[in-house]
Amino acid sequence: MNAPVVSLNDVSVSYRGGLFRPAVEAVRKVSLDIGEGETLGLVGESGSGKSTLARVCLGLTAPTRGRLTFAGEAFGKLRARRGQLAEVLQFPEWALNPRLRCGRSVEEPLIVLGVAAAERRARVAAMLARVGLDAGVAQRLPGQLSGGQRQRVAIARALVTRPRFIVFDEAVSALDVSVQAQVMNLIRDLQAEQGFAALFISHDIAATRYLSHRLAVMKGGEIVETGPRDRFYGEPHHAYTRALLAAAL
Ligand SMILES: Nc1ncnc2c1ncn2[C@@H]1O[C@H](COP(=O)(O)OP(=O)(O)OP(=O)(O)O)[C@@H](O)[C@H]1O
Ligand SMILES: [Mg+2]
């Protein structure tokens, strides 16, 4: 594997309970590395802790125990990592302000980084074209696009700063099946071109296998199996992984 971009060392995350809610250990003693240019696929049933783990990798949730390092250094302040990390979530509506024209939504992360106006315009135009949208989309509001187009805008917004690490958390799950395949191909091509490290999360093991170099299987907060993608075509060792595969067929 290439030099790790994201490393988790024995990370656990507990959510505190409430009056009618028991405390939950959502992630238990997870160690993993995601290398430069690598896509790690993370699969597991609902509630197994995938999104919590992703938020730890992005520095958005502090581990209760264990350590996160980014490019070999202590993660530090989230502010200092601006532009280096990004996420694409299940619903593009979560990333796009409904009242902002799409071009502006893609431009925003560059404004935050202090990129000059002329360069911003050029990068936004190039990015929109790269995700397969025509230039006119920049002038439209998210509500005037199809779901697939909106997710492409969200991907453009995530990628425009050329981050080193991107989480795709169920990024294709809400899309129509035909659009799903197109967006998966887009993610795969962009990853190959730009070489970012990625964590691709899905409950769909077939989709994850298609996009990932390596897979990790999560159950009850733990990683129960991990290995190169080819391993998951043959005989995965863990009974739980076999059940996930059977469900995908
Ligand atoms: N903010 C929170 N406060 C308390 N408990 C939480 C919080 N977020 C998640 N949990 C709990 O932690 C566990 C793991 O949740 P998480 O969202 O990480 O799972 P997931 O694998 O992403 O599930 P899904 O596939 O449904 O998205 C669940 O039991 C969930 O109820
Ligand atoms: Mg989740």
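Not measured: the values here are computed from a predicted model. (Residues numbered from 1 in each chain as written. Chains lettered and ligands numbered in written order. Predicted model: local features only at pLDDT ≥ 70, side-chain atom pairs only at ≥ 80, totals over all residues.)

Side note on the site of ligand 1
Convention followed: To decide nearness, the C-beta atom of each residue is placed from the backbone, and the residue is near a molecule or strand if that atom lies within 6 Å of it. Labels follow the DSSP assignment, with helices taken as runs of H or I lasting at least four residues and strands as runs of E lasting at least two, numbered in each case from the N terminus. Polar here means any residue other than Ala, Val, Leu, Ile, Met, Phe, Trp, Tyr, Cys and Pro, which are nonpolar, and Asp, Glu, Lys and Arg, which are charged; Gly is therefore polar.
By nearness alone, every residue bordering ligand 1 is listed as Tyr15, Val24, Ala26, Gly44, Ser46, Gly47, Ser48, Gly49, Lys50, Ser51, Thr52 and His203. Listed by contribution, the elements that provide at least two residues to the shell around ligand 1 are strand E2 (24-35) and helix H1 (50-57). It is H1 that provides the largest number of residues to the shell around ligand 1, a total of 3 residues. Its residues placed into classes, the shell around ligand 1 shows 3 nonpolar, 8 polar and 1 charged.

A closer look at the sheet that holds strand E5 (residues 73-74)
Heads up, the condition is: Think of it this way: DSSP has to see at least two bridges between two strands before they count as a pair. A pair of residues counts as a contact when their C-beta atoms, built from backbone coordinates, are separated by no more than 7 Å. Each axis is a line fitted through C-alpha atoms, and for a helix only the stretch in contact is used; angles between axes span 0 to 180 degrees, taken between their N-to-C directions.
The strand order E2-E1-E4-E5 describes an open sheet built from 4 strands, whose pairing is antiparallel. This sheet does not close on itself; its edge strands, each paired only once, are E2 and E5. Sheet topology places strand E1 (residues 4-15) next to E2; 8 bridges connect them, and they run antiparallel. Pairing of Pro4 across the sheet is with Gly35, part of E2. Helix-sheet contacts for H1 involve E1, E2 and strand E4 (65-70), and the interaxial angle to E1 is about 125 degrees.

Some words on unusual backbone geometry
Our working rule: With C-beta atoms placed from the backbone, a residue is buried if 20 or more other C-beta atoms are within 10 Å of its own, exposed if 12 or fewer are, and partly exposed between those counts.
Located in the positive-phi region is Asp10, a residue other than glycine, with phi close to 55 degrees. Its place among the elements puts Asp10 in strand E1. A residue is classified by how many C-beta atoms lie within 10 Å of it, and Asp10, with 12 of them, is exposed.

Quick word on the environment of Ala216
Looking at the secondary structure, you find Ala216 in strand E9 (residues 214-219). Distance in space between the C-alpha atoms of Ala216 and Gly41 is 6.1 Å, their sequence separation being 175 residues. Those residues in contact with Ala216 that sit more than four places away from it in its chain are Leu32, Leu40, Leu42, Ile223 and Thr226.

Overview of the packing of helix H2 (residues 102-113) against helix H4 (residues 147-159)
Here is the rule: The labels follow the angle: roughly parallel below 35 degrees, roughly antiparallel above 145, roughly perpendicular from 65 to 115, and oblique for the rest. Crossing chirality is assigned from the near helix's rotation relative to the far helix, an anticlockwise turn below a right angle marking it left-handed and a clockwise turn marking it right-handed.
The contact between H2 and H4 brings their axes to 7 Å, and the two run at 25 degrees. Between H2 and H4, the angle falls in the class roughly parallel. Crossing hand, H2 versus H4: right-handed. Here Cys102, Ser105, Val106 and Pro109 of H2 lie close against H4, whose contacting residues are Val153, Ala156 and Arg157. Residues of the contact of H2 with H4, tallied by class, amount to 5 nonpolar, 1 polar and 1 charged.

Details of the sheet that holds strand E7 (residues 165-169)
Spatially, 6 strands are ordered E6-E7-E8-E3-E9-E10 in an open sheet, and the strand pairing comes out mixed. A single partner strand is all that each edge strand has here, and the edge strands are strand E6 (85-88) and strand E10 (222-228). Across the sheet, the axes of successive neighbouring strands diverge by a mean angle of 15 degrees, strand direction being ignored. Pairing analysis gives 4 bridges linking E6 to E7, with the strands arranged parallel. If you follow Glu87 over to E7, its bridge partner there is Val167. In the packing of H4 onto the sheet, the strands contacted are E6 and E7, and the crossing angle to E6 comes to about 170 degrees.

Focus: the nonpolar core
Cut-off, in case you're wondering: In this usage, the nonpolar core is the set of buried Ala, Val, Leu, Ile, Met, Phe, Trp, Tyr and Cys residues whose C-beta atoms join them within 7 Å.
Core analysis: the biggest nonpolar cluster contains 67 residues, and Cys57, Leu128, Ala156, Ile166, Phe168 and Leu199 have the highest contact counts within it. With 6 residues, H4 is the largest single contributor of residues to this core. Not counting residues up to four positions away in its chain, the partners in contact with Ala156 are Val106, Met127, Leu128 and Val131.

Some thoughts on the packing of H2 against helix H3 (residues 117-130)
One way to put it is that H2 packs onto H3 with a least axis distance of 9 Å and a crossing angle of 130 degrees. Taken together, the axes of H2 and H3 are oblique relative to one another. Here the hand of the crossing between H2 and H3 comes out right-handed. Taken together, the residues of H3 that come into contact with H2 (itself represented by Gly103, Val106, Glu107, Leu110 and Ile111) are Arg120, Arg123, Val124, Met127 and Leu128. In the contact of H2 with H3, the residues fall into 6 nonpolar, 1 polar and 3 charged.

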